[in-house]
Amino acid sequence: MVQAFFEYDQAPVSLEQLLELGLLYFHVDLDQHAEWETHPDLCRIRKERSYVSSDVVDLKRETVPKEKLASFFEEHLHDDEEIRFVLEGSGYFDVRDAENRWIRIQVVRNDLLVLPAGIYHRFALDDKGAIKVVRLFQEEPKWTAYNRVLPETDSRSARQAYVKQVLGPHCSAPSSSSSSSSSSSTQVPAAVAAASSARNGIAYVIGDRAKSLAHYPHMRSVNGFLYVSGCSSRRADNTHIGAEQDPVSGEWKLDIVAQTEAVIKNIEAILAEAGATLADLVDLTVFLVDMKDYKGMNEAYNKYFDQDTGPTRTTVAVHQLPHPNLLIEIKAVAVAPSQ
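Fair warning: this is a prediction, and the values are worked out from it, not measured in the lab.

**Let's talk about the overall build of the protein chain**
1) Next: For the protein chain, the helix and strand inventory stands at 6 helices and 19 strands.
2) Next: Along the longest, intermediate and shortest principal axes, the C-alpha atoms of the protein chain span 75 × 40 × 35 Å.
3) Next: Within the span of the protein chain, comprising 339 residues, buried residues form 45% of the whole.
4) Next: Excluding contacts between residues fewer than 6 apart, the proportion of contacts in the protein chain whose partners are at least 24 apart in sequence is 71%.
5) Next: Counting every atom, the protein chain has about 17000 Å² of accessible surface; 51% of that belongs to carbon and sulfur.
6) Next: Both charge centroids of the protein chain, one from 35 positive and one from 48 negative side chains, sit 1 Å from each other.

**Thoughts on helix α6 (residues 294-301)**
1) Next: Along α6, the positions that sit buried rather than exposed are Gly296, Met297, Asn298, Ala300 and Tyr301.
2) Next: Where α6 is buried, its residues contact α5 (256-272), β17 (281-288), β18 (312-317) and β19 (328-335).

**Remarks on the packing of aromatic side chains**
1) Next: Enumeration according to the criterion identifies 4 aromatic pairs in this entry.
2) Next: Each ring, one from Phe72 and one from Trp143, has its centre 5.5 Å from the other, and the planes form 80°; the classification is edge-to-face. Of the two residues, Phe72 is situated in helix α3 (residues 66-73) and Trp143 in the loop between β9 (130-137) and β10 (146-147); the sequence distance between them amounts to 71 residues.
3) Next: Aromatic pair Tyr301 and Phe305: ring centres 4.7 Å apart, planes at 35°, arrangement tilted.
4) Next: In this structure Tyr301 comes out as buried when scored by relative accessible area, which is 7%.

**Concerning the nonpolar core**
1) Next: One finds Met219, Leu226, Ile267, Leu271, Leu281 and Ile328 to be the most contacted residues of the largest nonpolar core, which totals 30 residues.
2) Next: Secondary-structure elements contributing two or more residues to this core are β14 (225-231), α5, β17, α6 and β19.
3) Next: Residue contacts for Met219: discarding those within four places in its chain leaves Ile202, Ala203, Tyr204, Leu226, Tyr227, Val228, Ile270, Leu271 and Ala274.
4) Next: Judged by nonpolar contacts, the second largest core, of 29 residues, contains Val95, Ile103, Leu113 and Ile119.

**So, the pattern of salt bridges**
1) Next: A full pass over the atoms with the stated rule returns 18 salt bridges.
2) Next: A salt bridge links Glu99 to Arg101, with the shortest nitrogen-to-oxygen separation between them at 3.9 Å.
3) Next: Residue Arg101 is classed as partly exposed on the basis of its relative accessible area, which comes to 26%.
4) Next: One salt bridge in this structure joins Lys303 and Glu261, with 2.6 Å as the shortest N-O distance. You can see Lys303 sitting in the loop between α6 and β18 and its partner Glu261 sitting in helix α5, a full 42 residues away along the chain.

**Focus: the pairing of β9**
Regular strands place side chains that alternate from one sheet face to the opposite one.
1) Next: Of all 8 residues making up β9, 6 are buried, and the element is well covered by its neighbours.
2) Next: Inspection of the sheet shows strand β3 (residues 53-60) paired to β9 by 8 bridges, in the antiparallel sense. Across the sheet, the residue bridging to Asp58 is Lys132, located in β9.
3) Next: Judged from the 6 bridges that link them, strand β5 (residues 82-96) and β9 form a sheet pairing that is antiparallel. What sits directly across from Val86, in β9, is Val133.

**As for the packing of α5 against α6**
1) Next: Contact pair α5 / α6: the axes reach a minimum separation of 8 Å and the direction vectors enclose 45°. On the basis of their axis angle, the class for α5 and α6 is oblique. Note that α5 runs across α6; the crossing there is right-handed. Facing Ile256, Val257, Thr260, Glu261 and Ile264 of α5, the residues of α6 in contact are Gly296, Met297, Glu299, Ala300 and Tyr301.

**Let's talk about a nonpolar patch on the surface**
1) Next: Taken together, the side chains of Phe225, Tyr227, Val282 and Val335 define a hydrophobic patch exposed on the protein surface, amounting to about 290 Å² of accessible area.
2) Next: Looking at where Phe225 falls in the secondary structure, it is placed in strand β14.

**Brief notes about the confidence of the model for the protein chain**
1) Next: Taken residue by residue, the protein chain gives an average pLDDT of 87. The fraction at 70 or more is 90%.
2) Next: Mean pLDDT per element in the protein chain: strand β11 (residues 192-194) is the minimum at 39, and β17 is the maximum at 98.

**Topic: the side chain of Glu7**
1) Next: For Glu7, the location among the structural elements is in the loop between β1 (3-6) and α1 (15-20).
2) Next: With near-sequence residues (within four places) excluded, Glu7 lies in contact with Asp94, Trp102, Arg104, Arg122, Trp252 and His323.

**As for the environment of His76**
1) Next: Tracing the backbone through its elements, the reader meets His76 in strand β4 (residues 76-77).
2) Next: In contact with His76, other than residues within four places in its own chain, are Ser71, Ile119, Tyr120, His121, Arg122, Trp143, Ala145, Tyr146, Asn147 and Arg148.
3) Next: From its side chain, His76 meets the backbone oxygen of Glu74 in a polar contact 2.6 Å long.

Thresholds applied
Residues numbered from 1 in each chain as written. Predicted model: local features only at pLDDT ≥ 70, side-chain atom pairs only at ≥ 80, totals over all residues. Heavy atoms only, no water. Helix = DSSP H or I, 4+ residues; strand = E, 2+ residues; numbered from the N terminus. Buried < 20%, exposed > 50% of the residue type's maximum accessible area, 1.4 Å probe, protein only. Contact = heavy atoms within 4.5 Å. Areas by Shrake-Rupley, 256 points an atom, 1.4 Å probe, with all protein chains shown as cover. Lys, Arg positive; Asp, Glu negative; His and termini not counted. Charge placed at Lys NZ, Arg CZ, Asp CG, Glu CD. Phe/Tyr/Trp six-rings, centres within 6.5 Å; stacked < 30°, edge-to-face > 60°. Core = buried A, V, L, I, M, F, W, Y, C linked by side-chain atoms within 4.5 Å. Salt bridge = Lys/Arg side-chain N within 4 Å of Asp/Glu carboxyl O. Pairing = 2+ DSSP bridges. Axes fitted to C-alpha atoms, helices over the stretch in contact; angles between N-to-C directions. Parallel < 35°, antiparallel > 145°, perpendicular 65-115°, else oblique. Left-handed = near helix turned anticlockwise from the far one by under 90°. Patch = residues over 30% accessible without salt bridge, like charges linked within 9 Å, V, L, I, M, F, W, Y side chains within 5 Å. pLDDT = per-residue confidence, 0-100. Polar contact = N/O pair within 3.5 Å; in protein donor to acceptor, adjacent residues only side chain to side chain.

Dropping the structure here:
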């Protein structure tokens, strides 16, 4: 059975959840019938779904040009279904869900995966570095990718049909100007401040920031102070600034300077919803996964604060943060501007 999980927190994703996104999965057992061309299950699927042509692609990290592998890892869509049946090896297909989160799907021998036309996705080899697949087509073999960074991609009929028929009104995908390494640009109200008579003040839940992973606001205002929940470099689409994956090796490169700057800018944006700035900060608590990053963190930090006017600060090392790509998180307290 195909294995899938959310890339952000590794929470498992069920086959039912994949089906809701329009994907299809079939298990075709080559151990019972080794010849894929005449396998009865595959022949039945081909007939039922009108797959009239096919070819075989053998990808190996040491032989395929890096530029080719990198192109597979660019977020893109196709105007037609993408059908892949794994003969040997393994790899990852990443797809976006209705909330724009990456779901990583591992495919291995005997897995047949169908990605619907119009879904944003990408592909990468795993640590084994090789996969051999059958590509199936409803017409003559072709592979035309439309990258998400292109402004016209969201307007393609295949994308429009997918959003309307599969994602429906709950779609929160960003516009075509976004890429897998940029923030979601979905137009939603910047902040929803849930003012109430609650004794713990006003909660700020900000629509265009990364969503909290549990039931807590981005910030709370009470008794003249602003309390900002711990911020990381996570974007609204659950990717991370300062975390780049090599499409060839699959390894992640983590940058403490970039992550620190992103965290501070996230705090700045949250404070702005209450009319505050970084100059209003009173106290910061910095959480580092490894104190070897202390110097790099300070390098970025000192660009924004000086000793005379900056907030007090405590830095602690922690065992881990909610995602393995995170090096730093910062919790903040600020003075609320006078109304």
